[in-house]
Amino acid sequence: MESLLTDILINGLLLGTLYAIIALGYTMVYGILQLINFAHSEVFLTGAVVAFETFRLLAPDPANPGSGLNPYLVLAIALVVAMIVCGLLNVVIERLAYRPLRNAPKLVPLISAIGVSLILQDVIKLLEGFQGRFQLAVNVPETFTQTVFSVGDTNVKVRDLALVVVAAVMLFSLDRLVNHSKPGRAIRAVAQDRVTAGLMGIDANRMIALTFAIGGALGGVGGVLFAMKFPNLDPYSGTIPGIKAFSAAVLGGIGSIPGAVLGGLVLGVVENFLGVLSSFSFVFPKLSFLAAIGAQYKDVGAFITLIVILIFKPSGLLGRSTTEKV
């Protein structure tokens, strides 16, 4: 029983950390534009594809010992390239698909976001299809799949520690940027009142573009880490994790950076708990009916949990209630 709970907690927190990084992209864009950027799931998938290509070109070949670069250097290159590519991609999306619709009714840019999401799915499919690849198997270096230590029956691998370290660095950097820098203060000013910020000399368009760049870069990092943990990819692999990360942002209070992190962790633990719920039927024979609740129901259970929490706290765990003036 103790081992089972440990497994739920560790794997849930690792999964939740991944959701949190992706959720930050949603929450930052919503915080400044009140726009749900559904294309973020494909932006983060682009980061995963960058990881696939980087590992394919630079990582050691298991069949050819001594080939390739140092795995940690390859990971660093993948992260930097993914941040640049996804950051630029998000800026281009904002410039072409969202900025012309900024003063349109809220439903219009929302539909545009869904359209961009579908377009990006097919672009990724087309680009990899040209090379005869529709299913991508990321060549994760063996170094990252080795076990560092075990807690009970749970093995913590190098890629898990890399996930925690990279996430901690990204969150610390984001906090310093948003709360302790001049661009961060400008972003918060635009998020609070775009018109007044403009009267104070702040270039709102530039700050919005910067926000999209930061959100895209975070998505790129999330994509690389996702590809290391779930190495089998296809053009639609970003949809479900993207929806879950968006749900995590809503759960924590969309628009709130700490809320996105908390929502991701809570959703990860809940999902992992529901994934092994049937195991409790062996520990507690009186709960034998739990055997019918297999791992395939974990997604449904996670969203039911989300709905229940939002019924009692509509603004999310750390969100603030707002009153819309008419």
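Computed from a predicted structure; not experimentally measured.

1. Let's talk about the overall build of the protein chain
Looking only at helices and strands, the protein chain has twelve helices and four strands in total. By the compact-globule yardstick of 20 Å for 326 residues, the protein chain fits well, its C-alpha radius of gyration being 20 Å. In terms of its C-alpha atoms, the protein chain occupies a principal-axis envelope of roughly 65 × 55 × 35 Å. Classification of the 326 residues of the protein chain by burial places 46% in the buried group. When contacts within the protein chain are restricted to residue pairs at least 6 apart in sequence, long-range pairs at least 24 apart make up 74% of them. About 16200 Å² of surface is accessible on the protein chain, with carbon and sulfur atoms providing 67% of the total.

2. Let's talk about the packing of aromatic side chains
For the structure shown, the criterion picks out six aromatic pairs. Between Y26 and F246 the ring centres are 5.5 Å apart and the planes differ by 55°, which places this aromatic pair in the tilted class. Of the two residues, Y26 sits in helix α1 (residues 2-33) while F246 sits in helix α9 (residues 239-252), which places them 220 residues apart along the sequence. Ring centres of F226 and F230 lie 5.1 Å apart, and the angle between their planes is 40°; on these two criteria the pair is classed as tilted. For F226, a relative accessible area of 8% corresponds to the buried category. Taken together, the ring pairs connect Y26, F38 and F246 into an aromatic cluster.

3. Points about the pairing of strand β2 (residues 147-151)
Judged from the four bridges that link them, β2 and strand β3 (residues 154-157) form a sheet pairing that is antiparallel. Its bridge partner lying in β3, S150 is registered against N155. The turn joining β2 and β3, which pair antiparallel and follow one another in sequence, is formed by two residues; a positive phi near 65° is taken by G152.

4. Comments concerning helix α2 (residues 40-58)
Its 19 residues place the ends of α2 27 Å apart at the C-alpha level, agreeing with the 27 Å of an ideal helix rising 1.5 Å per residue. Most of α2 is tucked away: 16 of the 19 residues are buried.

5. Focus: the confidence of the model for the protein chain
Model confidence for the protein chain is summarised by a mean pLDDT of 85, while 94% of its residues fall at 70 or above. By mean pLDDT, helix α11 (residues 280-283) is the weakest element of the protein chain at 70, and helix α3 (residues 71-98) is the strongest at 94.

6. Structural notes on the environment of I243
Inspection of the secondary structure puts I243 in helix α9. Here the alpha-carbon distance between I243 and Y19, two residues 224 residues apart in the chain, equals 9.7 Å. Those residues in contact with I243 that sit more than four places away from it in its chain are Y26 and F303.

7. Thoughts on unusual backbone geometry
The phi torsion at Q34 lies on the positive side, around 55°, for a residue other than glycine. By secondary structure assignment, the location of Q34 is in the loop between α1 and α2. In this structure Q34 comes out as partly exposed when scored by relative accessible area, which is 38%.

8. Quick word on the UniProt feature "transmembrane region" (unreviewed entry) in the protein chain
What UniProt calls "transmembrane region" (unreviewed entry) maps, in this numbering, to residues 12-36, 71-92, 207-228, 248-267, 274-294 and 300-319. The distance from the first to the last C-alpha atom of residues 248-267 is 6 Å, and the span holds 80% helix and 0% strand.

9. Things to note about a nonpolar patch on the surface
A surface patch of nonpolar side chains, about 630 Å² in accessible area, is lined by V300, I304, I307, V308, I311 and F312. Among the secondary structure elements, I304 is positioned in helix α12 (residues 298-312).

10. Structural notes on the packing of helix α6 (residues 182-192) against helix α8 (residues 204-229)
The N-to-C vectors of α6 and α8 enclose an angle of 110°; their axes lie 9 Å apart at closest approach. Between α6 and α8, the angle is such that the two are roughly perpendicular. Contacts between α6 and α8 involve P183, A186, I187 and V190 from the former and A204, M207, I208, L210, T211 and I214 from the latter. Residue composition of the contact of α6 with α8, grouped by class: nine nonpolar, one polar and no charged.

11. Topic: the environment of S173
The residue S173 is located in helix α5 (residues 158-179) in this model. For S173, a relative accessible area of 37% gives the class partly exposed. A polar side-chain atom of S173 sits 2.8 Å from the main-chain carbonyl oxygen of V169.

12. So, the packing of α5 against α6
α6 packs onto α5 with a crossing angle of 70° between their chain directions and a minimal axis gap of 5 Å. Looking at the two axes, α5 sits roughly perpendicular to α6. Each of L177, V178 and N179 in α5 lies in contact with α6, whose residues at this interface are G184, R185 and R188. The class makeup of the residues in the contact of α5 with α6 is two nonpolar, two polar and two charged.

Cut-offs applied
Residues numbered from 1 in each chain as written. Predicted model: local features only at pLDDT ≥ 70, side-chain atom pairs only at ≥ 80, totals over all residues. Heavy atoms only, no water. Helix = DSSP H or I, 4+ residues; strand = E, 2+ residues; numbered from the N terminus. Rg over C-alpha atoms; globule rule 2.2 N^0.38 Å. Buried < 20%, exposed > 50% of the residue type's maximum accessible area, 1.4 Å probe, protein only. Contact = heavy atoms within 4.5 Å. Areas by Shrake-Rupley, 256 points an atom, 1.4 Å probe, with all protein chains shown as cover. Phe/Tyr/Trp six-rings, centres within 6.5 Å; stacked < 30°, edge-to-face > 60°. Pairing = 2+ DSSP bridges. Expected span 1.5 Å × (residues − 1). pLDDT = per-residue confidence, 0-100. UniProt positions renumbered as here; feature names shortened; annotations may be inferred. Patch = residues over 30% accessible without salt bridge, like charges linked within 9 Å, V, L, I, M, F, W, Y side chains within 5 Å. Salt bridge = Lys/Arg side-chain N within 4 Å of Asp/Glu carboxyl O. Axes fitted to C-alpha atoms, helices over the stretch in contact; angles between N-to-C directions. Parallel < 35°, antiparallel > 145°, perpendicular 65-115°, else oblique. Nonpolar A, V, L, I, M, F, W, Y, C, P; charged D, E, K, R; others polar. Polar contact = N/O pair within 3.5 Å; in protein donor to acceptor, adjacent residues only side chain to side chain.

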